[in-house]
Amino acid sequence: MTTATRTIEELANREYQYGFVTDVEAETVPKGLNEEVVRLISEKKREPEWLLEWRLKAYRTWLAMTEPTWQNVRYPAIDYQDIIYYSAPKKKPTLNSLDEVDPEIRATFEKLGIPLEEQKLFAGVAVDAVFDSVSVATTFRTKLAEMGIIFCSFSDAVQEHPDLVRKYLGTVVPYSDNFFATLNSAVFSDGSFAYIPKGVRCPMELSTYFRINARNTGQFERTLIIADEGAHVSYLEGCTAPMRDENQLHAAVVELVALDNATIKYSTIQNWYPGDKQGKGGIFNFVTKRGKAAGVNSKITWTQVETGSAITWKYPGCILLGDHSIGEFYSVATTNNWQQADTGTKMIHIGRNTKSTIVSKGISAGHGQNTYRGMVKIGKQAHGARNYSQCDSLLIGDQCGAHTFPYLEIKNTSARVEHEASTSKIDEDQIFYCRQRGLSTEDAVNLIVSGFCREVFRELPMEFAVEAQKLLSVSLEGSVG
Amino acid sequence: MTMLEIHNLHVRVGGKPILQGIDLCVNAGEVHAIMGPNGSGKSTLARALSGHPDYQVTEGEVSYEGRDLLAMDPEERARDGVFMAFQYPVEIPGVNNAYFLKAALNAIRTHRGQEELDAIEFMALMREKSTLLEIDPSMLTRSVNEGFSGGEKKRNEIFQMAVLEPKLAILDETDSGLDIDALKLVANGVNAMRSPERAIIVVTHYQRLLDYIVPDVVHVLSGGRIVKSGDRALALELEDKGYGWLEPEAAAAAPAAKA
Ligand SMILES: Nc1ncnc2c1ncn2[C@@H]1O[C@H](COP(=O)(O)OP(=O)(O)OP(=O)(O)O)[C@@H](O)[C@H]1O
Ligand SMILES: [Mg+2]
C-alpha cells in the first residue's frame, strides 16, 4: 500500500491523538467578562489607546447583542462568565529568538509535528505558533522581512506596524458584525498578521498553528492578512486542543484584504477536539472569516477541511468588490459521533464581472449532523456576475443527517447562477469491490471518501493534502462496522 | 491438485434461496466454464465465492487450497489469491485507477510477505500489463471505471487481474459487451495467465469465447444447481440446442424442489 494509505490504516485505529495537556505555568486573568477584563487584556499587551477604545466599543456593542439561534446546531447554553479570556504561558510572551520559547511548549509543537527550529522545518513553510492566547514563535521572520513581507503575531504587529493594523483592522469584519465576532473584537488575545507588499510573491507557505491548552480558556484569535497590489500569498492554518470533558469556546476572526491583482489563498485544517464517542466535551467553534477582494482582478480562495470540534459554525466568505475579482470556497466538513457542523460560505458580488465558485463536500457518520448554509448575493451593479455552486453530501450509516440551505439574492439580471446538489449514501457495492481487490473495509471507506473530496483536496498544498486525508480517516474511524 | 472444492452449497439472497446444492471441484491448472440461463445463479455463485456480505450461505462447504473459504473475509480471500472480475464493475468517483490498483496490489503483497512496490516499480508493471491488453494509458489516470464504456470496464477488470496475479480467477461474463477485437485481447490476456498453479472459472453465455479460451470442463447451471458437466463439446451442443433440453435433467437432479 502507499504510505498515505498505510498511515491512514495506522491512524484509523487511534483515538484523537492530540488530546494531551502541556504543563506550563500560565498567566491568566480572572474568570469572566467585564470592562475591567477588556482593559486588562489590552494593558497586558501594551496596546495603544485607539485599540483599547475599539475593544471597548466592541464590548459595549456585544452586551446588547444576543447569541444567534438560526443555525442548525444544538448545544447547552454557554456561560460567558465562566470563561477565562486570557491565558498566556508565563515565560516572556514576546520573543526575539526561537531559543527563548519555553521548552515545554516547544515539545508540544514538536509532538504536533510543528518543529519550531527553522532547520527542521520543511522548506517553504513559515510557521507562527499560537499557544492558548499568545503567539510563541514565528519562524523565517527575518528571511521574509528581506522581501518586505511582514509575518508576525498580531500583538507584534500592533507594536511594530500600528499604522497598517489600524488601517485594516475591522474593515472586512467590523467590530459590530455578529455576536461571536464582536466578542472576539473585545477580547481577542493574539493571532497572526501578514502583509505582502506590492508585487511580491510570497516564496513560502505561511502557516499558523493554533493550540488551546489551558482549562476553561476560550481562544479568541484574530488574523489579518493584507496582499498589496499584485502580491500573492498562500496561508495555512492548523488547530488542535486537548481532550477535556467540558466544552471550550473558540471564537476567532480572520480578515483578508486583497488589493488590485492580488491573490490570497487561505487553507484551514481544523482539528479541534471533537468530543468523545458519547458526545462529551469538544470545542465549540464559532468563527467569522471573510475576505475582501477589494481590487480589480483580485482573488481570494478559502479551502477548509473541518474534521474536529463538537460544533462548527463558520462561513468563510468573500466580498467581491473589485471588478473581475474572484472568490472561491472549497470545503470538506465531516461530522462523526455527535459532532454538528453548520458551515458554508457567503459570496457577495458587488463589482462587475465578478466570479465565485463554491464546492462543498459534507460527510456525515454516526449521529453527526452536517449542514451546508451558503449565500450568494449579487448586487445591482454586478453586471456579468457568475456563480457556480456544488454541494454534495455523503452519508455513512443511517443515524446521521445532511442538510443544505442555499440562499440566493440576485439584483442584477445579467447574472448567471448555477447550483448543483447531491446526497448519496456510501455504496456497499463500492466497498465490496474494494474488498474483493484486497483492501480492508476501513481502507475502502477512506478511499471512497477521499475520492468524494478530491475536488477540495487538490486545492490544498501538497503536504497538507496528505495531512487532511489522514485526519479525515481518523475522524471517520469506526463509522462503518 | 484440488484448488477449489464446493460441496452442497446453498445460498440465499434477499431471503430467497438461489443456489440449491452446488458441487464443483476445480484443480490448479484447469479452466472451467459455467454456462446457464439468465437468473440461474451464476453471478450468485461468483459473489458467494468472493464473500459478498449479502449472499448468505445456508448450507454446504467450500474449501480453497484446503482452507475453509467461507470463514474468510472478502479481503482475506482476495489477498490469498481469489479474484473476481465483476459482471458489472463498480465506479468509484474521484479515485484514480492506478492509485486504486497500487493500493490493492500492495495490500496483497504485504499479505504475502513481499515488499511493497514503489511508484517507479509499479509504473513499470503497469506499462507491461497495459501493453498486453492494449489499455489506453489515459484510462489509468481516470477515476476507477468512471465514465468507462461497458467494454472498457471489462478490459479494466482483466487488466487488474493481470496486475494482481490471482491463483483463482472467477470471470463473470467478462465477454459480454466486448467487440470482436476486444474479445480477442481479453482472451489473450486470460490465456497468458493460464498456468499449472492457477485455476480460472469463466462464466459466459457464448460458446464463441470458448473458441479463444479453451476450457477443460463446461458446466451448466440451471435453477441453482449444476445440471450437466462435460467437455468443450457440451458448449457447442448448448449453442445448438439452447437450455430447454436440459430441463428434464434439471428436474431429475432436483427431485426435492419445492414450489
Ligand atoms: N439481492 C438480491 N435480492 C433478490 N434477488 C436476487 C438478488 N440478487 C440476485 N437475485 C436473484 O437471484 C437469481 C440469480 O441471479 P444471478 O445474478 O446469480 O443470475 P445469473 O445466472 O448470473 O444471470 P445472468 O445470466 O442474467 O447474469 C435471480 O433470479 C436474481 O433476480
Ligand atoms: Mg450474472
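In the block above lies the structure referred to throughout.
Quick caveat: nothing in here was measured; it's all calculated off a predicted structure.

Draft legend 1. Examining the overall build of chain B more closely. Within chain B, the regular secondary structure consists of 10 helices and 12 strands. The C-alpha atoms of chain B give 18 Å as radius of gyration, which agrees with the globular expectation for 259 residues (18 Å, within 12%). By the burial criterion, 54% of the 259 residues in chain B qualify as buried. Intrachain contacts of chain B at a sequence separation of at least 6 include 68% that bridge at least 24 residues. For chain B, the computed accessible surface area is about 11,000 Å², with 49% contributed by carbon and sulfur atoms. Here chain B contributes 26 positively and 38 negatively charged side chains, and the mean placements of these two sets differ by 2 Å.

Draft legend 2. Spotlight on the overall build of chain A. Scanning chain A from N- to C-terminus turns up 12 helices and 23 strands. Relative to its full complement of 481 residues, chain A shows a buried share of 63%. At a minimum sequence separation of 6, the contacts of chain A that also span at least 24 residues come to 83%. By element, 49% of the accessible surface of chain A is carried by carbon and sulfur atoms, the whole surface being about 17,600 Å².

Draft legend 3. Region of interest: a negative patch on the surface. Residues D427, E428 and D429 of chain A together with D54 of chain B make up a contiguous surface patch of negative charge. One can find D427 of chain A in the loop between β23 (416-425) and α9 (428-436).

Draft legend 4. Looking closely at the interface of chain B and chain A. With 37 residues of chain B at the contact, the number on the chain A side is 23 residues. Of the roughly 2,500 Å² buried between chain B and chain A on both sides combined, carbon and sulfur atoms contribute 60%. When the shortest N-O distance is used, the salt bridge between E75 of chain B and R435 of chain A registers 2.6 Å. Between the two partners, chain B and chain A, sit 12 residue pairs in polar contact (both at pLDDT 80 or more). Going through the elements one at a time, α2 (74-79), β6 (82-85), β7 (92-96), α3 (97-111), β8 (143-144) and α6 (150-164) of chain B are the ones with two or more residues in the side of chain B that touches chain A. Looking at which element gives the most residues to the side of chain B that touches chain A, the answer is α3 of chain B, with 9 residues. When its residues are assigned to classes, the side of chain B that touches chain A shows 21 nonpolar, 9 polar and 7 charged.

Draft legend 5. Here's a closer look at the coordination of the magnesium ion (ligand 2). Residues and elements named next belong to chain B. Ligation of the magnesium ion (ligand 2) by protein atoms is provided by S43 (OG) and Q87 (OE1), these donors lying 2.0 to 2.2 Å from the ion. Pair noted here: S43 is in helix α1 (residues 42-50) and Q87 is in the loop between β6 and β7, with a separation of 44 residues, a long-range link. Under the relative-accessibility criterion, S43 is labelled buried at 15%.

Draft legend 6. Examining the site of ligand 1 more closely. Residue and element names in this part refer to chain B. For ligand 1, the set of nearby residues contains 15 residues, the closest of which are G39, K42, S43, T44 and H205. Between an oxygen atom of ligand 1 and a main-chain N or O atom of G41, the distance comes to 3.0 Å. A distance of 3.1 Å is found between an oxygen atom of ligand 1 and a side-chain nitrogen or oxygen belonging to Q87. In the complex, 67% of the free accessible area of ligand 1, which totals 640 Å², lies under the protein chains. Breaking the shell around ligand 1 down by element, the ones donating at least two residues are β2 (16-27) and α1. At 3 residues, α1 tops the list of elements feeding residues into the shell around ligand 1. Taken together, the residues that form the shell around ligand 1 break down as 4 nonpolar, 8 polar and 3 charged.

Draft legend 7. A look at the pairing of strand β8 (residues 222-227) of chain A. Residue and element names in this part refer to chain A. Among the 6 residues of β8, 6 are classified as buried, and the element is accordingly described as predominantly covered. Here 4 bridges tie strand β6 (residues 192-196) to β8, and the two strands are oriented parallel to one another. Opposite A194, over in β8, you have I225 as the bridge partner. The pairing of β8 with strand β11 (residues 253-258) spans 6 bridges and is parallel. Each bridged residue has a counterpart across the sheet, and for R222 the counterpart in β11 is V253.

Draft legend 8. Structural detail: empty space enclosed by the protein. All names here are of chain A. The full count for this structure, using the stated rule, is 8 cavities of 30 Å³ or more. Taken as a whole, the largest cavity encloses approximately 90 Å³ of empty space. For the largest cavity, the lining is made up of 14 residues, of which S360, K361, G362, N370 and Y372 are closest to its centre. Contributions of two or more residues to the lining of the largest cavity are made by β17 (326-335), β19 (355-364), β20 (369-378), β21 (386-395) and β22 (401-410). Taken together, the residues of the lining of the largest cavity sort by class into 3 nonpolar, 9 polar and 2 charged.

Draft legend 9. Examining the packing of α9 of chain A against helix α10 (residues 441-452) of chain A more closely. Residue and element names in this part refer to chain A. One way to put it is that α9 packs onto α10 with a least axis distance of 9 Å and a crossing angle of 120°. Classified by the interaxial angle, the pair formed by α9 and α10 is oblique. Between α9 and α10 lies a crossing of right-handed hand. Counted together, Q430, I431, C434 and R435 of α9 and T441, A444, V445, L447 and I448 of α10 form the full contact between these two elements. Of the residues contributing to the contact of α9 with α10, the split by class is 6 nonpolar, 2 polar and 1 charged.

Draft legend 10. Examining the nonpolar core more closely. Ranked by internal contacts, the top residues of the largest apolar core, which has 70 residues, are I363 and V449 of chain A together with L4, I6, I22, F100 and L168 of chain B. Counting residues per element, this core draws most heavily on α10 of chain A, at 6 residues. Apart from residues no more than four positions distant in its own chain, L4 of chain B is found in contact with L24, C25, V26, L49, V62, S63, Y64, L69, L168 and I201 of chain B. Formed by 46 residues, the second largest nonpolar core is a distinct cluster that contains A98, V163, A182 and I200 of chain B.

Draft legend 11. Local environment of the sheet that holds strand β5 (residues 67-68) of chain B. Residue and element names in this part refer to chain B. Pairing in this open sheet of 4 strands is antiparallel, and the strands run β2-β1-β4-β5 from one edge to the other. A strand with exactly one partner marks an edge of an open sheet, and here the two such strands are β2 and β5. Strands in contact with α1 are β1 (2-13), β2 and β4 (55-64); relative to β1, the strand with the most contacts, it is inclined by about 110°.

How each quantity is defined
Residues numbered from 1 in each chain as written. Chains lettered and ligands numbered in written order. Predicted model: local features only at pLDDT ≥ 70, side-chain atom pairs only at ≥ 80, totals over all residues. Heavy atoms only, no water. Helix = DSSP H or I, 4+ residues; strand = E, 2+ residues; numbered from the N terminus. Rg over C-alpha atoms; globule rule 2.2 N^0.38 Å. Buried < 20%, exposed > 50% of the residue type's maximum accessible area, 1.4 Å probe, protein only. Contact = heavy atoms within 4.5 Å. Areas by Shrake-Rupley, 256 points an atom, 1.4 Å probe, with all protein chains shown as cover. Lys, Arg positive; Asp, Glu negative; His and termini not counted. Charge placed at Lys NZ, Arg CZ, Asp CG, Glu CD. Patch = residues over 30% accessible without salt bridge, like charges linked within 9 Å, V, L, I, M, F, W, Y side chains within 5 Å. Salt bridge = Lys/Arg side-chain N within 4 Å of Asp/Glu carboxyl O. Buried area = accessible area lost by both parts, 1.4 Å probe. Polar contact = N/O pair within 3.5 Å; in protein donor to acceptor, adjacent residues only side chain to side chain. Nonpolar A, V, L, I, M, F, W, Y, C, P; charged D, E, K, R; others polar. Donors = N, O, S within 2.8 Å, 3.2 Å for Na, K, Ca; no water. Near = heavy atom within 4 Å. Pairing = 2+ DSSP bridges. 1 Å grid on protein atoms, 1.4 Å probe; cavity = no way out; pocket = protein on both sides within 12 Å on 5 of 7 lines; lining within 4 Å. Points joined across faces, edges and corners; volume = space filled by probe spheres on them. Axes fitted to C-alpha atoms, helices over the stretch in contact; angles between N-to-C directions. Parallel < 35°, antiparallel > 145°, perpendicular 65-115°, else oblique. Left-handed = near helix turned anticlockwise from the far one by under 90°. Core = buried A, V, L, I, M, F, W, Y, C linked by side-chain atoms within 4.5 Å.

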